[in-house]
Amino acid sequence: MSICRKSLSGLLLTCTLILSGCVSVPDSIKGSSALPQQDLLRVMNDPAIYTGQEARFGGKVVNVTNLNGKTRLEVAAQPLDDGARPRPGAASVGRIYADIHGFVDPVDINNQFVTVLGTIKGTEAGMIGQAKYKFVVIDVRGYQRWHLVKQVTSPPQLIDPWIWYGPTRHRPGYWGPNPYWGMYNSGPAQVETILTE
């Protein structure tokens, strides 16, 4: 019985590693450096040190301004996961201005989740409501718009502790204990909100 449990544990671990390896950063926001700057709080505390560096930030677009030759997104930044997706429901860590070259229709991007990749240009004074705020400005080279979807995950169901094992060439068939009993978690289905490309 312990061999079966070890085998099943090994299989589950292998599946988990394979699935976690499937998380990848889209090409549009990969960047040229191994790890673009993603710590907005650090950049906000001393922007002069990070000016000119490659950065990747993401979050929810709260305002879109079309200017001559560029579109400025105001993004409420959130922490990113391993696939460079903002974490829905996470608290905002600050605001950025993301300047995209060319025209982007506000209808397509306002109130959407995005991740931007580009060069830190410094900071710029602005307003959030009636409050003055210093925005980190990013010159965007690539961006990814994400789609918010709900996913239902149903846990594996318990298997009856006594189960019929059909006849094989080694035994005629019998009711007996299930070797996998107690290895499955039962519970209600989980609804997750995730971001996809």
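Anything mentioned here points back to the structure above.
None of these values were measured; they are calculated from a predicted model.

### A look at the overall build of the protein chain
The number of helices and strands found in the protein chain is four helices and eight strands. Its helices and strands taken in sequence order, the protein chain reads α-α-α-β-β-β-α-β-β-β-β-β from the N to the C terminus. Taking all 197 residues of the protein chain together, the buried fraction comes to 32%. Looking at the protein chain alone, contacts between residues at least 24 apart form 62% of all its contacts between residues at least 6 apart. As displayed, the protein chain has an accessible area near 12,200 Å², and 56% of this comes from carbon and sulfur atoms.

### Side note on the pattern of salt bridges
Considering all chains together, one arrives at nine salt bridges under this definition. Between Arg 141 and Glu 54 there is a salt bridge; the shortest N-O distance is 2.3 Å. Residue Arg 141 is located in strand β5 (residues 131–153), and its partner Glu 54 is located in strand β1 (residues 54–67); the two are separated by 87 residues in the primary sequence. The partner of Lys 121 in a salt bridge is Asp 99, and the shortest N-O contact between them spans 3.5 Å. In this pair, Lys 121 is assigned in strand β4 (residues 113–128) and Asp 99 in strand β3 (residues 94–101), connecting sequence segments 22 residues apart. The class for Lys 121 is partly exposed, based on a relative accessible area of 46%.

What counts, and where the lines are drawn
Residues numbered from 1 in each chain as written. Predicted model: local features only at pLDDT ≥ 70, side-chain atom pairs only at ≥ 80, totals over all residues. Heavy atoms only, no water. Helix = DSSP H or I, 4+ residues; strand = E, 2+ residues; numbered from the N terminus. Buried < 20%, exposed > 50% of the residue type's maximum accessible area, 1.4 Å probe, protein only. Contact = heavy atoms within 4.5 Å. Areas by Shrake-Rupley, 256 points an atom, 1.4 Å probe, with all protein chains shown as cover. Salt bridge = Lys/Arg side-chain N within 4 Å of Asp/Glu carboxyl O.

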